[in-house]
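As a plain string of letters, each chain reads:
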Amino acid sequence: WFIVWCQCIARMDGTDGPVVIAIVDDGVDVSTRHIREHLAVNPFEISGNGIDDDHNGLVDDVSGYDFRDQDPVPRPWNASGDPSHGTMMATVALNAAYPTDPPSNEGCGRNVIAILPLRVANERGVDPDATAEAIHYAASRGRRIVINLSMGTIRASIPEQVTKSITSEHDVLFIVAAGNQGKNISQMSASLCRIPAPNVVCVAAVDKSDQLAGFPKASNYGPLVHLAAVGVDVPTTGSDKKIHLETGTSLAAA
């Protein structure tokens, strides 16, 4: 389904550029070839010259940005794990669009999606101000933008600045993880799936038999969920170049 959707977007837009998937997360490790070869590139910024070439207020934002620490390199914090959460999201999104590596010329072809790493979290959790900044930045990067928010819940209540940033960006698609508490989202005040915007898609996790993911990472559910995708034992590659099997609605959203 995702492959067909990508093709439709490209045809409607009339250009050959990729769909940009902004990974708003704890950073992305770009040391793996698969991610490195599919990074979104800002053509108006010169790498490493210490100058804000495109006058957007950010210096050297060539392939993403660290809004948590205001740094042009959105790499994960060392203790984020292997792979980091953001790295997993990027890997799963790429694997969905490019089921072969190197990608074949069939289906979506070679120029379907590009990953835009935007770091907003560290070991202490998600920074709401950084998240709002990252959302506005991603939305400014073109017409075909998908923002992955595999966060589920980030506070006891949804931060006002996050809600405002999402509801103000009408021309991007937000993919939001349903969360892993095994609850009906309608009864949860903090779920990002509750943000009232028509371009927010809430994704639950199922296994390969289409059964809702259970303990220990039980998928949330309910009428606010729009889609379900496989989120149980999803293969992803870490910095150690080994395949890890991971579970959760974050994987389903990616």
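Preceding this section is the structure that the text describes.
The following paragraphs examine the structure supplied in this document. On a predicted model such as this, the values are computed, not experimentally measured, just so you know.

Observations concerning the overall build of the protein chain
Moving on, step 1. Counting its regular elements, the protein chain contains six helices and 11 strands.
Moving on, step 2. Within the protein chain, buried positions represent 50% of all 254 residues.
Moving on, step 3. Long-range contacts, defined here as pairs at least 24 residues apart, represent 69% of the contacts in the protein chain between residues at least 6 apart.
Moving on, step 4. Counting every atom, the protein chain has about 12,100 Å² of accessible surface; 53% of that belongs to carbon and sulfur.

Notes on the sheet that holds strand S1 (residues 19-25)
Moving on, step 1. Spatially, S2-S3-S1-S6-S7-S8-S9 is the arrangement adopted by the seven strands of the open sheet, whose pairing is parallel. Of all strands in the sheet, those with a lone pairing partner are strand S2 (65-66) and strand S9 (227-230), marking the two edges.
Moving on, step 2. Relative to strand S7 (residues 173-177), strand S6 (residues 145-149) is paired through four bridges, and the arrangement is parallel. In the sheet register, Val146 faces S7, and the bridge partner there is Leu173.
Moving on, step 3. Along the sheet, helix H3 (residues 85-97) contacts S1, strand S3 (113-119) and S6; its crossing angle with S1, the most-contacted strand, is approximately 155 degrees.

Things to note about the nonpolar core
Nonpolar side chains tend toward joint burial in soluble globular proteins.
Moving on, step 1. By size, the foremost hydrophobic cluster in this structure holds 38 residues, and its most contacted members are Val24, Leu118, Ile147, Leu149 and Phe174.
Moving on, step 2. Sorting the residues of this core by element identifies S1, S3, helix H4 (128-139), S6, helix H5 (160-168), S7 and strand S8 (200-206) as the ones contributing at least two each.
Moving on, step 3. When near neighbours in sequence (up to four residues on either side) are disregarded, Val24 contacts Leu118, Val120, Thr131, Ala134, Ile147, Asn148, Leu149 and Met151.
Moving on, step 4. Grouped together as the second largest cluster of nonpolar side chains are 29 residues, Met88, Ile115, Val203 and Ala253 included.

Quick notes on the pairing of S7
Moving on, step 1. Burial analysis of S7 places four of its five residues in the buried class, which makes it a mostly covered element.
Moving on, step 2. The sheet contact formed by S7 and S8 spans four bridges and is parallel. Within S8, the position partnered with Ile175 by the bridge is Val201.

Notes on the state of the cysteines
Simply put, the disulfide is a covalent bond whose two ends are the sulfur atoms of two cysteines.
Moving on, step 1. All chains considered together, the criterion is met by one disulfide.
Moving on, step 2. With a sulfur-sulfur separation of 2.2 Å, Cys193 is cross-linked through a disulfide to Cys202. What sets the handedness of the Cys193 and Cys202 disulfide is the S-S torsion sign, and at about 75 degrees it is right-handed.

A look at H5
Owing to its 3.6 residues per turn, the α-helix brings residues three or four apart onto one side.
Moving on, step 1. Of the residues making up H5, those classed as buried are Val162, Ser165 and Ile166. Burial along H5 is one-sided: seen end-on, the buried residues are contained in an arc of 95 degrees. H5 presents Glu160 and Lys164 as exposed residues on the side facing more than 90 degrees away from its buried surface.
Moving on, step 2. Residues of H5 that are buried sit in contact with H4, S6, S7 and S8.

Notes on the packing of aromatic side chains
Moving on, step 1. Counting across every chain of the model gives two aromatic pairs.
Moving on, step 2. Through pairs of rings, three or more aromatic residues link up here, namely Tyr65, Phe67 and Tyr137.

Some points on unusual backbone geometry
Moving on, step 1. Residue Pro216 is bonded to the preceding Phe215 through a cis peptide linkage, with omega at 10 degrees.
Moving on, step 2. Residue position: Pro216 is located in the loop between S8 and S9.
Moving on, step 3. Of note in the backbone geometry, Asp60 takes a positive phi value of approximately 60 degrees without being a glycine.
Moving on, step 4. The backbone of Gln70 sits at a positive phi, close to 50 degrees, despite the residue not being glycine.

With respect to the side chain of Asn184
Moving on, step 1. Mapped onto the fold, Asn184 is located in the loop between S7 and S8.
Moving on, step 2. In terms of polar contacts, Asn184 uses its side chain to reach the backbone amide nitrogen of Ser186, at 2.9 Å.
Moving on, step 3. Non-local contacts of Asn184, meaning those with residues more than four positions away in its chain, are made with Tyr221, Gly222 and Pro223.

Details of the environment of Asn49
Moving on, step 1. Tracing the sequence through the fold places Asn49 in the loop between helix H2 (33-36) and S2.
Moving on, step 2. Spatially, the C-alpha atoms of Asn49 and Val59 are 8.5 Å apart, while their sequence positions differ by 10 residues.
Moving on, step 3. Within the structure, the side chain of Asn49 is placed 3.0 Å from the backbone nitrogen of Ile51, a separation counted as a polar contact.

Digging into the environment of Arg144
Moving on, step 1. Inspection of the secondary structure assignment puts Arg144 in the loop between H4 and S6.
Moving on, step 2. Judged by relative accessible area, Arg144 falls into the buried class, the value being 12%.
Moving on, step 3. For the pair formed by Arg144 and Val19, sequence separation is 125 residues and the distance between their alpha carbons is 5.2 Å.

What counts, and at which threshold
Residues numbered from 1 in each chain as written. Predicted model: local features only at pLDDT ≥ 70, side-chain atom pairs only at ≥ 80, totals over all residues. Heavy atoms only, no water. Helix = DSSP H or I, 4+ residues; strand = E, 2+ residues; numbered from the N terminus. Buried < 20%, exposed > 50% of the residue type's maximum accessible area, 1.4 Å probe, protein only. Contact = heavy atoms within 4.5 Å. Areas by Shrake-Rupley, 256 points an atom, 1.4 Å probe, with all protein chains shown as cover. Pairing = 2+ DSSP bridges. Axes fitted to C-alpha atoms, helices over the stretch in contact; angles between N-to-C directions. Core = buried A, V, L, I, M, F, W, Y, C linked by side-chain atoms within 4.5 Å. Disulfide = S-S within 2.5 Å. Arc of directions from axis to C-beta. Phe/Tyr/Trp six-rings, centres within 6.5 Å; stacked < 30°, edge-to-face > 60°. Polar contact = N/O pair within 3.5 Å; in protein donor to acceptor, adjacent residues only side chain to side chain.

As far as function goes, none of this settles anything; it's purely spatial.
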